[in-house]
Structures are given as C-alpha cells and as structure tokens.
Amino acid sequence: MIKNVVLDMGNVLLDFNPEFVLSEFCSSEEEKEVIRKELFEGPEWALGDKGDIKDKDRFDLVKGRVPEKYHEALKNCADHWDICMDPLPGAENFCRRVKEMGLRIYVLSNASDLFYTYFPKFLPLEFFNGVFVSSDYLMLKPDVKIYETFLNKYGLDPKECLFVDDRKENVEGAEKAGMNGFCFKGDYDQVLSVLQS
C-alpha cells in the first residue's frame, strides 16, 4: 500500500525549460546553440546538481569555452536561468490533493544550491514531509545510493513509496532501491489514479 509520494521537481512540479532562458538572453540562433551546449549541456550542470560546484561559480567555469562576444548572454543565462522555473499547470493542486488523501509527500530532486531560492516560491518547504536535494548529499539520480540515502533519512519503507519522475532512468533507479516507480508525462490524474487503485 502506498503511503508516501516522492516527487521529482524539474518537469514534474516546475518547468525546467532552458529554451525559454536562451530566448530571453540570446540574440541569435548561433549564440543560443553555443550557450545551450556549453552551459546547459556541459559538465558543469551535473557538477552543480551534485554539489561539486555552486551556481555562482558556473559562469567562470564555462566562459573559457564560449566566444567573448557571447559572454554577456552567457552570464545572464548562468546567473538567471531559474526564471524558467514556473509551476507546471496543476502542480500545486496535485500536491494539495495528495495531502488531502492522507498521504505523505516528499521531493527528491537533482538540483543545485539555487533550489532553495526558487522552489519555496512554489510551495513552502514545510508543506512537504521532506525535501531531499542532490547537491546537499553529493550524489545524483539515478545512482541507487541517493534513493537509499533518502529512504534512510526519512525512515521510509520503499514498498510504501511511489516515486514520480519524468526521466525513465531515474524511475528505474528508484525501482532498484525497492520503490514503486511512475514515469510522469504531464498527467497528474494518471498519478492520482495509481494512488487510488
């Protein structure tokens, strides 16, 4: 029986959309392409989520791979990428519905230290029974260790947890740790159906 709903954050609760950020700060397709590749797809992104670097350091680490003429746009993207992190439609109602069902609700997310700036604008951290951010623990999904550490921290039985993530590999990681998994494709009603079954 499911007693705990464990939610990823990006593209499950908030809209992580680098294309929106690039459109705001870049003036050409070439500029977007370079910054997308070096900032959002470069190694520093995962290093931030793993807690090996801080968000504020990302520009300095990436700028050497980006032509100087794009440095202003790069800095804007690196410093303000969280402007895209708006709640997905229905996300807050879904979270409240889960609580109304008498279930505990948690967040387990790959995220950098900036998480604590933008996420509380969605819902206060205290709304959740627990919030587990990868950069605080120096590990990343889908490594089975992160799920095991999360379960141990909150004293949860994995068989009583439903883990919801938009990435298949992250769901599979949770399942290796003994949790029930659900790959989210934008439909909260589908998740509620699983919880009600």
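Above: the structure in question.
The model shown is predicted, which means the values in this text are computed figures rather than measured ones.

Reading the values: rules and limits
- Residues numbered from 1 in each chain as written.
- Predicted model: local features only at pLDDT ≥ 70, side-chain atom pairs only at ≥ 80, totals over all residues.
- Heavy atoms only, no water.
- Core = buried A, V, L, I, M, F, W, Y, C linked by side-chain atoms within 4.5 Å.
- Buried < 20%, exposed > 50% of the residue type's maximum accessible area, 1.4 Å probe, protein only.
- Contact = heavy atoms within 4.5 Å.
- Helix = DSSP H or I, 4+ residues; strand = E, 2+ residues; numbered from the N terminus.
- Pairing = 2+ DSSP bridges.
- Axes fitted to C-alpha atoms, helices over the stretch in contact; angles between N-to-C directions.

Asker: Please explain the nonpolar core as it appears in this structure.
Answerer: One recurring pattern in soluble globular proteins is that nonpolar side chains are buried together. Ranked by size, the top nonpolar core spans 52 residues in total, and within it Leu13, Cys95, Tyr118, Phe119 and Phe128 carry the most contacts. The contacts of Phe128, once residues within four sequence positions are left out, are Cys95, Ile105, Tyr106, Val107, Phe119, Phe122 and Leu123. Judged by nonpolar contacts, the second largest core, of 15 residues, contains Val6, Tyr106, Leu108 and Leu151.

Asker: What am I meant to see in unusual backbone geometry here?
Answerer: Across the chain, the bulk of peptide bonds are trans and the bulk of non-glycine residues have phi less than zero. Here the amide bond leading from Lys141 into Pro142 is cis, since omega sits at 10°, within 30 degrees of zero. By secondary structure assignment, the location of Pro142 is in the loop between helix 8 (134–137) and helix 9 (144–154). For Leu138, which is not a glycine, the phi torsion comes out positive at approximately 55°.

Asker: It is not clear to me how the sheet that holds strand 1 (residues 4–7) should be interpreted in this structure. Could you clarify?
Answerer: In sheet architecture, strand pairing relies on hydrogen bonds along the backbone and comes in two forms, parallel and antiparallel. One open sheet holds the 5 strands; their spatial order is 3-2-1-4-5, and the pairing between them is parallel. Of all the strands in the sheet, the pair left with one neighbour each is strand 3 (130–133) and strand 5 (180–183). Sheet twist, expressed as the mean angle between neighbouring strand axes with direction ignored, is 20°. Here strand 4 (residues 161–165) pairs with strand 5 via 4 bridges, running parallel. Note on strand 5: the bridge partner recorded for Val164 is Phe182. Here helix 9 sits on the sheet and contacts strand 1, strand 2 (104–109), strand 3 and strand 4; the angle it forms with strand 3, its principal contact strand, is near 150°.

Just distances and angles here, no functional claims.
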